[in-house]
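Remarks on the overall topology
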Amino acid sequence: DCRYTCHQECRSLIQLDCRRPGQCQGQLSPESTLVPPCSQNVTQTVEEEKPEPPTIQEIKQKIEKYNAKVTNCLLMKLNEDGTYTGFIKVHLKLRRPVTVPAGIRPQSIYDALKEVNLAEMTDKRTSFYLPLDAIKQLHISSTTTVSEVIQGLLKKFMVVDNPQKFALFKEMRKDGQVLFQKLPLTEYPLYLRLLAGPDTDVLSFVLKENETGEVEWDAFSIPELQNFLMILDKEEKDKIQQVHRKYERFKQKLQQTLKEARGKPG
C-alpha cells in the first residue's frame, strides 16, 4: 500500500515497520515490493573469464610467425617444456635521479657471470640522472614477470633504489597518438612482445617512475630526500638568476631608449 520499492540487492538492507496502523493493510509480502535490478544505478561486479593459456603448438606457430618478421638476430626460441626465451628492449624515461654506489667500477662480464653484486661492496651512495631515453636490451624467458624485469634493470645499472619506486609501461601507437598503460607486476612482457610482433612502433616497453597520484616520500631514504632538496634549491636559484638577467636586459634597453630620446630635438 505504501508503494515502497527497492532493488533485490538492497533487500537485506531495508527495514520497514509495517505494524503501524493504516499501513500495509493489503497483506503485501516482502517479495512483492521487489523490482528487477536497475543497470543504470546498480554496479555489479562481473568476473571476466580468463582465456585459456595457449597450447605448445599454438606457441610454436606464434614464434615461427614472429621470427619470420625479425630483421635482426633477436629471435625467440621454444624450449621442450613449452617455455620460450627472447629479447625485449626497455626505454628508460626517468625524470628523477637514481641512487647508485659511490666509487664503484662498472660491472664486468666476469662479475655478471659470477653474479657479483658490486652494490653490496660499499655503503657510500650517490645520486645522478640516467641518460634521457636510454635503451636497455634484456634476454628473458616467457616466465619472467614485470617485477623481475624491473629488478633486473636496476641491477644492471647498479641502482639501489627500492624497486617499488618504478613501474613498467607498454607504449602503443594508434591513430597518431601515443598511449601508455602501466603493466601489473605479474604480467609477462615476453608474451606481450610475442603477440605484438617484433615491431617496436606497435609496442614498446618503458621504465618510468611509479606515479600513484602522490609521491610516496616514505619510500625514499634520508640521503635521497636531502639530495632532492639540494636539486630543488639549485633549480630555484637558477630560476631566480634567469628572472634577474631577463629584467636586467629589459632595464638596459629601456635606459638606452631613454638616452637616445633625450638626444633628439623635440
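For clarity, every value in this text was computed on a predicted model and none was experimentally measured.

As a further point, take the overall build of the protein chain. Across its full length, the protein chain carries 5 helices and 10 strands. Counting only residues that meet the buried cut, the protein chain has 26% of its 266 residues in that class. Excluding contacts between residues fewer than 6 apart, the proportion of contacts in the protein chain whose partners are at least 24 apart in sequence is 69%. Just so you have it, the protein chain exposes about 20100 Å², and 52% of that area is on carbon and sulfur atoms.

Evaluation of the coordinates by the stated rule reveals 0 aromatic pairs. In this structure, Lys208 packs its charged tip against the face of Phe169, placed 5.2 Å from the ring centre. Over the aromatic face of Phe180 sits the side chain of Lys208, whose NZ or CZ is 4.5 Å from the ring centroid.

Moving on, we come to empty space enclosed by the protein. Summed over the entire model, instances satisfying the criterion amount to 2 cavities of 30 Å³ or more. What the largest cavity holds in volume is close to 100 Å³. Lining the largest cavity are 13 residues; nearest its centre among them are Arg96, Pro97, Asp161, Phe220 and Phe228. Sorting the residues of the lining of the largest cavity by element identifies strand 5 (98-101) and helix 5 (222-262) as the ones contributing at least two each. In terms of residue count, helix 5 provides more of the lining of the largest cavity than any other element does, 3 residues in total. Two domains each put at least three residues into the lining of the largest cavity: domain 1 (56-105 + 122-214) and domain 2 (218-263). Taken as a whole, the second largest cavity encloses approximately 30 Å³ of empty space. As for the second largest cavity, its lining consists of Leu92, Leu94, Val98, Leu130, Leu153, Leu154, Phe157, Val159 and Leu207.

Taken together, the side chains of Val243, Tyr247, Phe250, Leu254 and Leu258 define a hydrophobic patch exposed on the protein surface, amounting to about 500 Å² of accessible area. Considering the arrangement of structural elements, one finds Leu254 in helix 5.

This part takes up helix 4 (residues 189-196). Side chains three or four residues apart in an α-helix point the same way, a direct result of the helix having 3.6 residues per turn. All of the buried residues along helix 4 are Pro189, Leu190, Leu192, Arg193 and Leu194. In the core, the buried residues of helix 4 are packed alongside helix 1 (56-69), strand 4 (84-92), strand 7 (134-141), helix 3 (146-156), strand 8 (166-174) and strand 10 (203-209). Looking at the residues trailing helix 4, positive phi occurs at Gly197, about 90°.

Take the pattern of salt bridges next. Counted under the stated rule, the structure contains 5 salt bridges. Measuring nitrogen to oxygen at the nearest pair gives 3.3 Å for the salt bridge that ties Lys165 to Asp161. The exposure class of Lys165 is buried, given its relative accessible area of 9%. Its relative accessible area of 6% is what places Asp161 among the buried residues. The salt bridge partner of Asp238 is Lys234, with a shortest N-O separation of 3.1 Å. Separated by 4 residues within a single helix, Asp238 and Lys234 lie in helix 5, roughly one turn from each other. Residue classification places Lys234 among the exposed residues on the basis of a relative accessible area of 53%. Because the salt bridges share partners, they merge into one network encompassing Lys93, Glu171 and Arg173.

This paragraph deals with a positive patch on the surface. Judged by side-chain charge, Lys239, Arg245, Lys246, Arg249 and Lys253 come together as a positively charged surface patch. Note on Arg245: relative accessible area 45%, which makes it partly exposed.

Another point: the side chain of Thr85. Relative to the assigned elements, Thr85 resides in strand 4. Excluding residues that lie within four positions of it along the chain, Thr85 makes contacts with Leu75, Met76, Lys77, Asn79, His139, Ile140, Ser141 and Leu190.

Here is what the cut-offs are and how they apply
- Residues numbered from 1 in each chain as written.
- Predicted model: local features only at pLDDT ≥ 70, side-chain atom pairs only at ≥ 80, totals over all residues.
- Heavy atoms only, no water.
- Helix = DSSP H or I, 4+ residues; strand = E, 2+ residues; numbered from the N terminus.
- Buried < 20%, exposed > 50% of the residue type's maximum accessible area, 1.4 Å probe, protein only.
- Contact = heavy atoms within 4.5 Å.
- Areas by Shrake-Rupley, 256 points an atom, 1.4 Å probe, with all protein chains shown as cover.
- Phe/Tyr/Trp six-rings, centres within 6.5 Å; stacked < 30°, edge-to-face > 60°.
- Lys NZ or Arg CZ within 6 Å of the ring centre and 35° of its normal.
- 1 Å grid on protein atoms, 1.4 Å probe; cavity = no way out; pocket = protein on both sides within 12 Å on 5 of 7 lines; lining within 4 Å.
- Points joined across faces, edges and corners; volume = space filled by probe spheres on them.
- Domains from an automatic or database assignment.
- Patch = residues over 30% accessible without salt bridge, like charges linked within 9 Å, V, L, I, M, F, W, Y side chains within 5 Å.
- Salt bridge = Lys/Arg side-chain N within 4 Å of Asp/Glu carboxyl O.
- Lys, Arg positive; Asp, Glu negative; His and termini not counted.
- Charge placed at Lys NZ, Arg CZ, Asp CG, Glu CD.

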